[in-house]
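Architecture and fold: a report
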Amino acid sequence: MARGKLRIYLGAAPGVGKTYAMLSEAHRRVERGTDCVVAFVEHHDRPRTEVMLHGLEQITRKELEYRGAVFTEMDVDAVLARRPQVALVDELAHTNIPGSRNAKRWQDVEELLAAGIDVVSTVNIQHLESLGDVVESITGVRQQETVPDEVVRRADQIELVDMSPQALRRRMAHGNIYQPDKVDAALSNYFRPGNLTALRELALLWVADRVDEYLKQYRSEHRVSAIWGSRERIVVGLTGGPEGRTLIRRAARLAEKGAGGEVMAVYIARSDGLTAASPKELAVQRTLVEDLGGTFHHVVGDDIPAALLDFARGVNATQIVLGSSRRKAWQYIFGPGVGATVARESRPDLDVHIVTHDEVAKGRGLPVARGARLGRSRIVAGWLVGLVGPVVMAVLLNTVDLGLANDMLLFLTLTVAAALLGGLLPALASAAFGSLLLNYFYTPPLHRLTVADPKNIVAIAIFVGVAVSVASVVDLAARRTHQAARLRAESEILSFLAGNVLRGETSLEELLERVRETFGMESAALLERAGDVEPWTCAGRAGFGRPLERPEDANVDVPVGDHMALAMSGRVLPAEDRRVLAAFAAQAAVVLDRRRLQEEADRARALAEGNRIRTALLAAVSHDLRTPLAGIKAAVTSLRSDDVAWSDQDRAELLEGIEEGADRLDHLVGNLLDMSRLQTGTVTPIVRDIDLDEVVPMALVGVPEDSVELDIGESLPMVAVDPGLLERAAANLVENAVKYSPPDRPVLVAASAIADRVEVRVVDRGPGVPDEAKERIFEPFQRYGDAPRGAGVGLGLAVARGFAEAMGGTLNAEDTPGGGLTMVLSLRAAGSRPAPVPAEGADTAVIPERQAS
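Residues numbered from 1 in each chain as written. Predicted model: local features only at pLDDT ≥ 70, side-chain atom pairs only at ≥ 80, totals over all residues. Heavy atoms only, no water.

1. Structural notes on the overall build of the protein chain
A count of helical and extended segments in the protein chain gives 23 helices and 24 strands. Classification of the 853 residues of the protein chain by burial places 48% in the buried group. Taking the intrachain contacts of the protein chain between residues at least 6 apart in sequence as the baseline, contacts between residues at least 24 apart amount to 72%. With the model as given, the accessible surface of the protein chain reaches about 41100 Å², and the carbon-plus-sulfur share is 55%. (Helix = DSSP H or I, 4+ residues; strand = E, 2+ residues; numbered from the N terminus. Buried < 20%, exposed > 50% of the residue type's maximum accessible area, 1.4 Å probe, protein only. Contact = heavy atoms within 4.5 Å. Areas by Shrake-Rupley, 256 points an atom, 1.4 Å probe, with all protein chains shown as cover.)

Following this line, the structure appears as structure tokens:
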């Protein structure tokens, strides 16, 4: 069955009109004859949105009862049974009520897609999981409901529903988003112009990045080499010289002039190691470009201008920034240089900027190893000197008589020059040709290939021998130099690889991207299989070329052990590159093993933590719960005894002991249950606005009279909390404070407002807790000091902190001035976040999760 297609309407904030746009699209599809149903859409009593639901078939929602209230969720089974072509599912990041088919609504959507049903949904940018910290730093609100980025990225179509901050605030002021009593608080807090502008920028940039991924994939699949200037991408060509910092800063300024500009610094290393840049300088430049928001790339290429242009076209760059040449004037006789060549070979759609700097015309500051691998131009020059040079020399010597000895020295000079330029073969050809010319023109009898004087035969033989020896030595030196340069290049690449590991770039995908980029390949993948006859599976891949499923499909494959291989497509690499590639492959296998070991360690840690909790629970059940049970058992046995005539006072005391033991059991069991639910992550609050004086006094039930002083002013703002969770957290804090505070020093419970927070302080005058133990007392089953076992199982503070964090608050311990401990419970004021009413087609800014304590 073909998988359904997902279309998402993405917005920057509540109220931009995502649900309205989704319903409009549904009406268009129905008019075209598409079978479209409403699986779940919230109109939140907004007339315009509610009108859009008319004329659309709606699937009856599933009712779920939780904590005495009835909630409705999408009925996945009913949608699957109806099997429409298209289903509308609002609020993709929503958390379902406990007892639902799935924990998250996006998981419900995955089921519909797997069944072949197309889905149209909505989501706000602040609910993307990767942007949680960014959104919190902007708005001060931590999103409780998120959706994995990959779920949204896999959507077949993402449509941005955009609105300017001014227009959105007008909609809010007109009452089109929230109820009138919530408008002022929303406009002065979450819906401030700065917040909305920042969220809008996040949404625009995220969608732009997604579109860019589509563009890269399309260009790769269709082999598009032409540059499409969809956005400014600036490539900075680095040589490792000191001018690189100037180029990077200039490129960053160019990128700032255009929206969404990118800077990519690239260092191209010769494969034979001819040019050796300073590793220290390259590290400094890498840090600089990353600090400016760009990326650093390391590419291997013998033809530097061609490699630079290939890289620029591969990343769809629009501009190249190069530095003015550091050559001196006379050095231009060897060629036009990289900058001029790049400017000549670039196309009209790729601009080349030549930037001046302080190192212009000062000569190359990089060491250059002459005579490593002999290039084509040097070999051609060697053959010209070896073959044409003797002819020219013979013509010149025919005009002047210098003697046979001098003639031989001049021809030997040409042979040495041919060896220095072109290597062994041109030198041998020069020696053979030169000896023939010497014999023919200058050795008696002249103009004949015979030698009359035996001494001349010896001289010619010595000439040939010296020429061959010199050529051999020069060629051997060149090959040894090439080997040394090659090893140096390999060491540079391997040190770069080690540097990536040290910098923390240890993910498999990042390493594969480095391999692909270094060797200029289209794609790289790490393949593995369980056995010799098992199919290959892809453990990780990078690039946008055709997917590699088997090593046989690749242009290059390097085995790693018996059942793993690094496969790359794009071109065939020379055999000498495989040694470095093997090092990359081994590192990729190590990274994969490390990732799996880390996953196993995380699972083992979770199991160990679960075992620790279970062990502590068993200890609590076996000891702490037995004490009140034993007291109740003894009291009940005494009351039922017929041997003793109990007075009314004695009977009342026994009944009081039974009641106290039952209350203690109830408290212990409640804390144990709360802790187990916190550990399993099933505590999610029903947040609503409430006054503290409605909840905190209820938390004092159960503590002795006159042991607590309450100071909560009536002018305090309302708090956004779950009343049940707040009551339990406050009760645990008060009980703990009363336990350690002297009988004549009552515990103080006071509240105050600070900025957009409300703090509840529980102050005792007990022995206090040292600084190093202030965090440890919040761990489960921890009791400070030598508290007796009967004092509890050490869960009260852990439960209180867990409940506080579940509501978006914090709980910390401070010293009480004059001695004692103060528990500070910080809660969000009601006006510090949007009211829990979502905009059209959007989740609320902080969606109240629907499970309480």
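2. Re the sheet that holds strand β23 (residues 810-815)
Strand order in this open sheet of five strands is β19-β21-β22-β24-β23, and the pairing throughout is mixed. Of all strands in the sheet, those with a lone pairing partner are β19 (708-711) and β23, marking the two edges. The sheet shows a mean angle of 20° between the axes of neighbouring strands, taken without regard to direction. As paired strands, strand β22 (residues 757-763) and strand β24 (residues 821-828) are joined by seven bridges and run antiparallel to one another. (Pairing = 2+ DSSP bridges. Axes fitted to C-alpha atoms, helices over the stretch in contact; angles between N-to-C directions.)

3. A closer look at the side chain of Glu 42
You can see Glu 42 is positioned in the loop between β2 (36-40) and α2 (47-52). The class for Glu 42 is buried, based on a relative accessible area of 18%. A distance of 3.3 Å separates polar atoms of two side chains, one belonging to Glu 42 and the other to Arg 61. In contact with Glu 42, not counting residues within four places along its chain, are Thr 19, Arg 61, Asp 90 and Glu 91. (Polar contact = N/O pair within 3.5 Å; in protein donor to acceptor, adjacent residues only side chain to side chain.)

4. What about a nonpolar patch on the surface?
Taken together, the side chains of Ile 379, Val 380, Trp 383, Leu 384, Leu 387, Val 388, Val 392, Leu 396, Leu 425 and Leu 428 present a nonpolar region at the surface, about 840 Å² in accessible area. When residues of the nonpolar patch are assigned to their parent elements, the largest contribution, eight residues, is made by helix α14 (residues 376-397). Along the chain, Leu 384 turns up in helix α14. (Patch = residues over 30% accessible without salt bridge, like charges linked within 9 Å, V, L, I, M, F, W, Y side chains within 5 Å. Salt bridge = Lys/Arg side-chain N within 4 Å of Asp/Glu carboxyl O.)

5. Focus on the environment of Leu 512
In this structure, Leu 512 sits in helix α18 (residues 508-518). Owing to a relative accessible area of 0%, Leu 512 belongs among the buried residues under this scheme. Expressed as a C-alpha distance, the spacing of Leu 512 and Ala 585, which sit 73 residues apart in the sequence, is 9.0 Å. Those residues within four positions of Leu 512 in sequence are excluded, and the remaining contacts are Ala 524, Ala 525, Leu 526, Gly 540, Arg 541, Ala 542 and Leu 566.

6. Structural notes on the pattern of salt bridges
Taken as a whole and judged by the stated rule, the model has 23 salt bridges. Between Glu 159 and Arg 7 there is a salt bridge, with the nearest N and O atoms lying 2.5 Å from each other. Linking Glu 159 in strand β8 (residues 157-161) with Arg 7 in strand β1 (residues 6-11), this pair joins segments that are 152 residues apart in sequence. On the basis of relative accessible area, Glu 159 is assigned to the partly exposed category, the value being 30%. Taken together, the shared-partner salt bridges in this structure form one network comprising Arg 7, Glu 25, Arg 28, Arg 29 and Glu 159.

7. A closer look at the sheet that holds strand β6 (residues 86-89)
As summarised here, the arrangement of the six strands in space is β3-β2-β6-β7-β1-β8, forming an open sheet in which the pairing is parallel. Of all strands in the sheet, those with a lone pairing partner are β3 (57-58) and β8, marking the two edges. Judged from the four bridges that link them, β2 and β6 form a sheet pairing that is parallel. Paired with Cys 36 across the strands is Val 86, a residue of β6. Across the sheet, helix α1 (residues 18-31) is in contact with β1, β2, β6, β7 (118-124) and β8; its angle to β1 comes to roughly 145°. Relative to the sheet, helix α4 (residues 105-114) contacts β1, β2, β6 and β7, its axis offset from that of β6 by approximately 180°.

8. Some details on the confidence of the model for the protein chain
Confidence in the prediction of the protein chain, expressed as mean pLDDT, is 78, and 79% of residues score 70 or more. Looking across the protein chain, the model is least confident in helix α17 (residues 454-502), with a mean pLDDT of 68, and most confident in β6, with 94. Per-residue pLDDT stays below 50 along residues 365-372; that stretch engages in 21 contacts with residues further than four places along the chain or on separate chains. In this model, residues 786-793 is a region of pLDDT below 50 whose contacts with residues beyond four sequence positions or in other chains number 20 contacts. (pLDDT = per-residue confidence, 0-100.)

9. Quick word on empty space enclosed by the protein
Counted by the stated rule, this structure contains six cavities of 30 Å³ or more. Here the largest cavity is characterised by a volume of approximately 120 Å³. Taken together, Lys 62, Leu 64, Glu 73, Met 74, Asp 75, Val 76, Asp 77, Asn 96, Ser 100, Arg 101, Arg 105 and Asp 108 make up the lining of the largest cavity. Taken together, the elements giving at least two residues each to the lining of the largest cavity come down to β4 (62-66), α3 (76-82) and α4. (1 Å grid on protein atoms, 1.4 Å probe; cavity = no way out; pocket = protein on both sides within 12 Å on 5 of 7 lines; lining within 4 Å. Points joined across faces, edges and corners; volume = space filled by probe spheres on them.)

10. Some points on the nonpolar core
Core analysis: the largest hydrophobic core is formed by 63 residues, its most contacted members being Leu 88, Leu 112, Val 147, Phe 191 and Trp 206. Among the elements that make up this core, the one with the highest residue count is helix α9 (residues 193-221) (six residues). By size, the runner-up hydrophobic cluster in this structure holds 42 residues, among which are Val 719, Ala 729, Val 758 and Ala 829. (Core = buried A, V, L, I, M, F, W, Y, C linked by side-chain atoms within 4.5 Å.)

11. Quick word on the pairing of β24
Most of β24 sits out of view: eight of its eight residues are buried. Where β23 meets β24, six bridges bridge the pair, whose relative direction is antiparallel. Paired with Glu 814 across the two strands is Thr 822, which belongs to β24. Connecting β23 to the next strand, β24, in antiparallel fashion are five residues, including Gly 818 with a positive phi near 90°.

12. Concerning helix α15 (residues 404-422)
With 19 residues, α15 ought to run about 27 Å at 1.5 Å a step, and its terminal C-alpha atoms sit 27 Å apart, in line with that. One or two positions beyond α15, positive phi appears at Gly 423, with a value near 95°. (Expected span 1.5 Å × (residues − 1).)

13. As for the packing of helix α22 (residues 723-740) against helix α23 (residues 796-806)
Across the interface, α22 lies against α23 with an axial gap of 9 Å and an inter-helix angle of 150°. You can see that α22 and α23 cross each other, and the crossing is left-handed. The residues of α23 that touch α22, namely those facing Leu 725, Arg 728, Ala 729, Asn 732, Leu 733 and Asn 736, are Gly 796, Leu 797, Val 799, Ala 800, Phe 803 and Ala 806. (Left-handed = near helix turned anticlockwise from the far one by under 90°.)

14. Considerations on the packing of aromatic side chains
For the structure on display, the rule yields zero aromatic pairs. Sitting over the face of the ring of Phe 40, Arg 61 holds its NZ or CZ atom 4.0 Å from the ring centroid. Here Arg 105 stacks its cationic end above the ring of Phe 40, 3.8 Å away from the centre of that ring. (Phe/Tyr/Trp six-rings, centres within 6.5 Å; stacked < 30°, edge-to-face > 60°. Lys NZ or Arg CZ within 6 Å of the ring centre and 35° of its normal.)

15. Quick word on the environment of Val 687
Looking at the secondary structure, you find Val 687 in the loop between α21 (648-680) and β18 (688-690). Judged by its relative accessible area of 8%, Val 687 falls in the buried class.

16. Side note on the environment of Gly 4
Along the chain, the position of Gly 4 falls in the segment before β1. Sequence spacing of Gly 4 and Asp 118 is 114 residues, and the spatial spacing of their C-alpha atoms is 4.4 Å.

17. Points about a negative patch on the surface
Negative charge collects at one region of the surface, where Asp 650, Glu 653, Glu 656, Glu 659, Glu 660, Asp 663 and Asp 666 lie side by side. Structurally, Asp 666 is set in helix α21. (Lys, Arg positive; Asp, Glu negative; His and termini not counted. Charge placed at Lys NZ, Arg CZ, Asp CG, Glu CD.)

18. Quick notes on the packing of helix α12 (residues 304-314) against helix α13 (residues 338-345)
The geometry of α12 relative to α13 is characterised by a closest axis approach of 9 Å and an angle of 50° between their N-to-C directions. Judged on the interaxial angle alone, α13 and α12 are oblique. The two elements α12 and α13 cross, and the hand of that crossing is right-handed. Taking contact as the criterion, the partners of Ile 304, Pro 305, Leu 308, Leu 309 and Arg 313 in α12 are, on α13, Val 338, Thr 341, Val 342 and Glu 345. (Parallel < 35°, antiparallel > 145°, perpendicular 65-115°, else oblique.)

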